[in-house]
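Reading the structure
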Amino acid sequence: MKKVLRYLILTVMTLCFSLPCFSAVEAATVAILPLINNVEGGDDLANQVFYKEAINTLKYQKGFVMVENDKLNAAIDAAMITDDVPNKAALARIAQDGDVDIVFCMELDDLELKNARRVGEMRYLLDMEGEAVAYNALTGAFYKHEFSSDKEVDAALTARGSWKHDEFARQVRRELKKALNAK
């Protein structure tokens, strides 16, 4: 009787451990369009920060994989994106022609530090403005969000690295996560 009970428990445990294998879901493919950089004077570092943060954010999001191939590049070129973020129809066309599930695009209009002097202290004011859009071909959801920041910080905290680009990187992560979860 003990052997039968052992085999029964072993069978149930084996089934419980193998159930997740049967429910495997294919990852959603994501296309990240180039940053539309409208910053005066052209901020090349912002482009690098955008791609780095977008790729790293996707890397740690379960169920999503970034796609880049010739078919997608041709669809992006055919959309002729200039100085403005594409609308829902253009993103849907890119998703269909590029054979991807989600298309994400960001526009950066302003990114600069301004002096905000006060008596006895030196502070910086971050001026950041832009827009993020995404289209999910699986659900038909369109995500659009205009973002801006007017954070003020002590100048001593900006001495190391590029604080304005760190704040932009944080915004890219935030917008991409919101776009992936848009319903």
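In the block above lies the structure referred to throughout.
Residues numbered from 1 in each chain as written. Predicted model: local features only at pLDDT ≥ 70, side-chain atom pairs only at ≥ 80, totals over all residues. Heavy atoms only, no water.

**Some details on helix H2 (residues 44-59)**
- Under the 1.5 Å per step criterion, the end-to-end length of H2 is 23 Å for 16 residues, consistent within 8% with the ideal 22 Å.
- The complete set of buried residues in H2 reads Ala46, Val49, Phe50, Glu53, Ala54, Thr57 and Leu58. Down the axis, H2 shows its buried residues gathered within 145° of arc, on one side only. Relative to its buried face, H2 has exposed residues pointing more than 90 degrees away, namely Asp44, Gln48, Lys52 and Lys59. (Helix = DSSP H or I, 4+ residues; strand = E, 2+ residues; numbered from the N terminus. Expected span 1.5 Å × (residues − 1). Buried < 20%, exposed > 50% of the residue type's maximum accessible area, 1.4 Å probe, protein only. Arc of directions from axis to C-beta.)

**Comments concerning helix H5 (residues 163-180)**
- Taking 1.5 Å as the rise per residue, H5 with 18 residues should run 26 Å; its terminal C-alpha atoms sit 26 Å apart, in good agreement.
- Residues of H5 that are buried include every one of Trp163, His165, Glu167, Phe168, Ala169, Gln171, Val172, Glu175, Leu176, Ala179 and Leu180, and no others.

**Digging into the packing of aromatic side chains**
- One pass over the full model with this rule turns up two aromatic pairs.
- For the ring pair Phe50 and Tyr51, a centre distance of 5.4 Å and an interplane angle of 65° mean the geometry is edge-to-face.
- Measuring from centroid to centroid gives 6.4 Å for Phe50 and Phe104, while their planes differ by 15°, and the two rings are stacked. Here Phe50 is found in helix H2, whereas its partner Phe104 is found in strand E4 (residues 102-115), with 54 residues between them in sequence.
- A residue is classified by how much of its surface remains accessible, and Phe50, at 0% relative accessible area, is buried.
- Three or more aromatic residues joined by ring pairs make a cluster, and in this case those are Phe50, Tyr51 and Phe104. (Phe/Tyr/Trp six-rings, centres within 6.5 Å; stacked < 30°, edge-to-face > 60°.)

**Describing the pairing of strand E5 (residues 123-136)**
- The element E5 is largely enclosed, with a buried count of 12 among its 14 residues.
- Across 13 bridges, the pairing between E4 and E5 is antiparallel. Within E5, the residue paired with Ile102 across the bridge is Asn136.
- Pairing geometry for E5 and strand E7 (residues 152-154), over three bridges, is antiparallel. In the strand pairing of E7, Tyr124 is matched with Val153.
- Across nine bridges, E5 lies against strand E6 (residues 141-149) in antiparallel orientation. Bridging from a neighbouring strand, Asn136 pairs with Ala141 of E6. (Pairing = 2+ DSSP bridges.)

**Things to note about the packing of helix H3 (residues 70-79) against helix H4 (residues 88-98)**
- Relative orientation of the contacting elements H3 and H4 amounts to 155°, with a least axis distance of 8 Å. Taken together, the axes of H3 and H4 are roughly antiparallel relative to one another. Where H3 crosses over H4, the two elements pack in a sense that is right-handed. Where H3 approaches H4, its residues Lys71, Leu72, Ala75, Ile76 and Ala79 are matched on the opposing element by Ile94, Asp97 and Gly98. (Axes fitted to C-alpha atoms, helices over the stretch in contact; angles between N-to-C directions. Parallel < 35°, antiparallel > 145°, perpendicular 65-115°, else oblique. Left-handed = near helix turned anticlockwise from the far one by under 90°. Contact = heavy atoms within 4.5 Å.)

**A short note on the side chain of Ser149**
- Among the secondary structure elements, Ser149 is positioned in strand E6.
- Here Ser149 falls in the buried class, since its relative accessible area comes to 13%.
- Beyond its immediate chain neighbours, meaning those up to four positions away, Ser149 contacts Leu126, Asp127 and Met128.

**Things to note about the pairing of strand E1 (residues 28-32)**
- Judged by how many residues are buried, E1 sits mostly within the fold: five of five residues are covered.
- Residues of E1 alternate between two faces, with Ala28, Val30 and Ile32 on one and Thr29 and Ala31 on the opposite face, all of them buried.
- Two elements, E1 and strand E3 (residues 64-66), share three bridges in a ladder whose sense is parallel. Counted as the bridge partner of Val30 is Met66 from E3.
- As defined by bridge partners, E1 adjoins E4 across three bridges and the pair is classed as parallel. Across the sheet, residue Ala31 finds its bridge partner in E4, namely Val103.

In short, the description is geometric, and any link to function would need to be established separately.
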